[in-house]
Amino acid sequence: MRACVLGSAAGGGFPQWNCACPNCRDLRAGRPGLRARTQDSVAVSEGGERWALLNASPDVLAQLARYAPLHPRGPRVSPLAAVVLTNGDLDHCLGLFCLRESTPLAVYATNAVRRGLVERNALCRTLARFEGHVAFRALELGRPVALCDAAGEPLGLEVVARPVPGKPPLHLAGDPPSPEDNVGLWVRGCGGGEALAYVPGAGALGDYVAHLEGAGCVLFDGTFWSDDELVRLGLGRARAAEMAHLPVGGPGGSLAALASLGARRKLFTHVNNTNPALREGAGERRAIERAGWALAEDGLEVILE
C-alpha cells in the first residue's frame, strides 16, 4: 500500500492567511528552517492505480495538481475514487465541494457526520447533479469496511474507523455527543499487510491507542505543542484541551504518553501554524526527533509492507 501526505497543516494552513505569529511572519520573510504546508489530507492506494483520500481539505485542488499519481488519466477520468472523513470539521470536508465536476465519488463517513453534512447543508446539492454523483457510505465503528468507488468497484483497501475523543465542530453542534463525531482511521490493503493509522484530531488518549501498536505508520495529532499555545501568543482564549487537541509536549502530552509506541514510522500531522516544532533545529523539534518521531511534510510518501 502507498500513502502520500498531501497536506500536513491544521486548519488555515501554514502560513495562515490572517496570522502574523512569529512562525507565519518568518516564513513569509523567507527565513530558513520553515516550510509552507497545506491543510491536512492523506492519499492512499493499493497498487497506485486507484486512490482514496483521507479527509478532503480546502486545499485539495492544489494538492491533486502537485501529486502526479492523482492526475487525470483521460478526459474526465480521475484515479481518485473515494474520500473517507474522520469528522465534519471544515478543514476536513470543504474539499468535497471542490470535487463537484461530474466525476462520481464514494464518500465514507459515520452516520453522525453524514447527517450533519447532508441534512443540514444545502451546499451538498452541488454533489447531487446526477444519479450516483456522490455515494455516501457508512463507517461503522470497529467494523472493517472494504472501500469501493461510486459504482461499487473495489479499490483493494480496507478501513476501520475507531472512536477518538473529540467534539463536533461549531456548525454541527447541537446534537447529543456521539462516539461517531470524531474517529481515527486504520487503513490497509485487503490482502493484509501493514496498516496506516491516521488520527489527525485527538482530544485525549483512549482505547484506540492499543490499536496504534499494530500499525506500520502512525499519523497522529500534532496540532499544538502546549496547551496554552494560543493564549501565550495572544491569538485566542481557548486552550488546546478545549479545542479537543492533545498537545504534543509536556508531561501529559502525546510525545511522552506514546513514548513506547513501536510503529515503524511515527509522524505528527495536522500541525498548527503556531506550533514551535515547525522550526527546524528548535528545541521542540529536536525533542520530537530524539523520541523517534518526525513531523509529516507535504509530499511525504510512505510505503507500507
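Analysis parameters
- Residues numbered from 1 in each chain as written.
- Predicted model: local features only at pLDDT ≥ 70, side-chain atom pairs only at ≥ 80, totals over all residues.
- Heavy atoms only, no water.
- Buried < 20%, exposed > 50% of the residue type's maximum accessible area, 1.4 Å probe, protein only.
- Helix = DSSP H or I, 4+ residues; strand = E, 2+ residues; numbered from the N terminus.
- Arc of directions from axis to C-beta.
- Contact = heavy atoms within 4.5 Å.
- Salt bridge = Lys/Arg side-chain N within 4 Å of Asp/Glu carboxyl O.
- Pairing = 2+ DSSP bridges.

Draft legend 1. Geometry of helix 4 (residues 111–119). Along helix 4, the positions that sit buried rather than exposed are A112, V113, G116 and L117. The arc that holds the buried residues of helix 4, viewed along the axis, is 125 degrees, so those residues lie on one side. Looking at the packing, one finds that the buried side of helix 4 touches helix 3 (90–93) and strand 5 (105–109).

Draft legend 2. Summary view of the pattern of salt bridges. For the coordinates displayed, the defined rule picks out 13 salt bridges. Between R2 and E301 there is a salt bridge whose closest N-O contact spans 3.4 Å. Taken as a pair, R2 in strand 1 (residues 2–7) and E301 in strand 14 (residues 301–303) lie far apart in primary sequence, 299 residues in all. Judged by relative accessible area, R2 falls into the partly exposed class, the value being 27%. E301 gets classed as partly exposed once you look at its relative accessible area, which sits at 41%. Its salt-bridge partner being E297, residue R35 comes within 2.6 Å of it at the nearest N-O pair. On the criterion of sequence distance, the pair formed by R35 in the loop between helix 1 (22–28) and strand 2 (41–45) and E297 in the loop between strand 13 (294–295) and strand 14 is long-range, its members being 262 residues apart. It is possible to trace a salt-bridge network through shared partners that takes in D26, R31 and R279.

Draft legend 3. Local environment of the sheet that holds strand 7 (residues 145–148). The mixed open sheet is built from 7 strands, whose spatial order is 7-8-9-10-11-12-13. The open sheet has two free edges, formed respectively by strand 7 and strand 13, since each of these has just one partner strand. Where strand 9 (residues 183–189) and strand 10 (residues 192–199) come together, 4 bridges link them in antiparallel fashion. Paired with V187 across the strands is L196, a residue of strand 10.

Draft legend 4. The environment of L141, seen in detail. The topology assignment puts L141 in the loop between strand 6 (134–138) and strand 7. The spacing of L141 and A210 is 69 residues in sequence and 15 Å in space, taken between C-alpha atoms. The residues contacting L141, other than those within four sequence positions of it, are T110, A161, P163, P179, E180 and V183.

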